[in-house]
Amino acid sequence: GVPSTLSLKEELVLGKTGNEETMLLNPRTVDADQTGNIYVLDNKAVQIKVYDPQGNFIRAIGKRGQGPGEFQRPTNIQITAQQNIFVCDPGSRRVIFFSLDGQFIKELSGSKMWMFSDAKVDPNGDIVGSHTIMDQEARTELIRFNSNMEPLLTVTSVPIAKIPVFNPYFPFIYFGLTADGNVLWGITTEYVFNVVNPEGKTIKKIIKNYDPEKLTKEDQERRAKEIWGEEGPSPDVRVEWPDNFPAFQDFVMDEHGWLYVRPYTKEKVEKGVIYDVFDADGRYVARVVLPDRAMAVKYGKLYTIEEDEEGMRLVKRYALQWR
């Protein structure tokens, strides 16, 4: 009884016209609020650029710097349940809050977390973030903090590498937050998603059976060039290749808890990116093709960042309907 057929219609393209202030120079992440305003983190401008539902530029928020409301190397933004803009800035080891109209609210230090890479705010105001610890055995920890960035509990701690061995497809944690404050997390080497409540208890697992994609010699050579170029790894790096590709690459969740997972697959499509979709109860719905990597799915809209024929990175919005 779950809708399983997806239709998409392109509605809007952002970033190609205007001046340097209004254009998108290098969009990185996208989010949207309940009214349809679109918030784009522009890496090159080091700003959040805001557009109305018709694509008209409204304002730019923040700038490069070290002062209140300024950024060093922001990686992601979120429109929170409290209707604020939340910015994760590993470059300054801070998280920063703005109102939707761009007024600076506060910032919190993430200095206790080395390689602080991602963070989100749950509906209760708690902050969930991941960081990597480099020791004899590198690991990634996913931690729940209170609203003052004081640690409450460790959601999970996952080993990812043994120094000096390097896995070109090392495990990576992705996570999302549900409307009731649970954390849904998965590690890329397994097609398993764990739902953990605010007290740290695992209350559900979503598991999909799949056939792993074998990593061939040609795959290894292509990946090595992506990482190290034609010269290859330095002599002091010991590369250890896995037998298979990871299970998935990343995922996004919509406001209802539907999960859009980008699997590692060699299945060919004429144009677009393959996704597996699960509903809020964890039931597998369908395998679909989206125009490009999903940056956000919010309020019946899909947001992507796509390159045009000239190599410009543009934000696109699609109407998304399941039936």
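Up top you'll find the structure we're talking about.
In this text, all values refer to a predicted model and were calculated from it rather than measured experimentally. (Residues numbered from 1 in each chain as written. Predicted model: local features only at pLDDT ≥ 70, side-chain atom pairs only at ≥ 80, totals over all residues. Heavy atoms only, no water.)

1. Considering the overall build of the protein
- The helix and strand tally for the protein stands at one helix and 26 strands.
- For the protein, whose C-alpha radius of gyration is 20 Å, the value lies close to the compact-globule estimate of 20 Å for 323 residues.
- The contacts of the protein with a sequence gap of at least 6 include a subset with a gap of at least 24, amounting to 44%.
- Element-wise, carbon and sulfur atoms account for 46% of the exposed surface of the protein, whose accessible area totals about 16100 Å².
- Averaged over its 40 positive side-chain charges, the protein has a centre that lies 1 Å from the centre of its 47 negative ones. (Helix = DSSP H or I, 4+ residues; strand = E, 2+ residues; numbered from the N terminus. Rg over C-alpha atoms; globule rule 2.2 N^0.38 Å. Contact = heavy atoms within 4.5 Å. Areas by Shrake-Rupley, 256 points an atom, 1.4 Å probe, with all protein chains shown as cover. Lys, Arg positive; Asp, Glu negative; His and termini not counted. Charge placed at Lys NZ, Arg CZ, Asp CG, Glu CD.)

2. Regarding the environment of P164
- Summarising the element assignment, P164 is placed in the loop between β13 (151-162) and β14 (165-166).
- Setting aside anything within four residues of it in sequence, one finds P164 in contact with D236 and R238.

3. Points about the packing of aromatic side chains
- Under the criterion given, the structure shown has 22 aromatic pairs.
- Taking 5.5 Å as the distance between ring centres and 70° as the angle between the ring planes, the aromatic pair formed by F166 and W228 counts as edge-to-face. Of this pair, F166 sits in strand β14 while W228 is found in helix α1 (residues 217-228), placing the two residues 62 residues apart along the sequence.
- A relative accessible area of 28% means that F166 is categorised as partly exposed. (Phe/Tyr/Trp six-rings, centres within 6.5 Å; stacked < 30°, edge-to-face > 60°. Buried < 20%, exposed > 50% of the residue type's maximum accessible area, 1.4 Å probe, protein only.)

4. Focus on the sheet that holds β13
- The strand order across the open sheet formed by four strands is β10-β11-β12-β13, and the pairing between neighbours is antiparallel. For this open sheet the edge positions go to β10 (116-121) and β13, each flanked by a neighbour on one side alone. The average angle at which neighbouring strand axes cross in this sheet is 15°, direction not considered.
- By the bridge criterion, nine bridges tie strand β12 (residues 137-145) to β13 in an arrangement that is antiparallel. Within β13, the residue paired with R139 across the bridge is P159. (Pairing = 2+ DSSP bridges. Axes fitted to C-alpha atoms, helices over the stretch in contact; angles between N-to-C directions.)

5. Some details on the nonpolar core
- By size, the foremost hydrophobic cluster in this structure holds 17 residues, and its most contacted members are Y260, V288 and W322.
- Residue assignment for this core shows that the elements contributing at least two residues are β22 (273-278), β23 (284-290), β24 (294-298) and β26 (313-322).
- At four residues, the largest contribution of residues to this core is made by β23.
- Those residues in contact with Y260 that sit more than four places away from it in its chain are D250, F251, V252, D254, Y275, D276, V277, V297, L320 and W322. (Core = buried A, V, L, I, M, F, W, Y, C linked by side-chain atoms within 4.5 Å.)

6. Concerning the sheet that holds strand β2 (residues 27-32)
- Pairing within the open sheet is antiparallel, and its four strands lie in the order β2-β3-β4-β5. Edge positions in the sheet fall to β2 and β5 (57-61), since each of these pairs with one other strand and no more. On average, each strand axis in the sheet is tilted by 20° relative to the strand beside it, whichever way the strands run.
- By the bridge criterion, five bridges tie β2 to strand β3 (residues 38-42) in an arrangement that is antiparallel. Directly across from D31, in β3, lies its bridge partner Y39.

7. Some remarks on the pairing of β24
- Counting buried positions over the five residues of β24 gives five, a clear majority of the element.
- For β24 and strand β25 (residues 301-307), the ladder comprises four bridges, and the chain directions are antiparallel. Bridged to V297 within β25 is L302.

8. Points about the pattern of salt bridges
- For the structure on display, the rule yields 23 salt bridges.
- Residue R139 pairs with E141 through a salt bridge whose shortest N-O separation is 3.4 Å.
- The exposure class assigned to R139 is partly exposed, which follows from its relative accessible area of 27%.
- Taking relative accessible area as the criterion, E141 reaches 13% and is therefore assigned buried.
- R283 is the partner of D279 in a salt bridge, and the nearest nitrogen-oxygen pair spans 2.7 Å. (Salt bridge = Lys/Arg side-chain N within 4 Å of Asp/Glu carboxyl O.)

9. Describing the environment of N26
- Along the chain, the position of N26 falls in the loop between β1 (6-14) and β2.
- Given a relative accessible area of 27%, N26 falls into the partly exposed group.
- For the pair N26 and S109, spaced 83 residues apart in the sequence, the C-alpha separation amounts to 26 Å.

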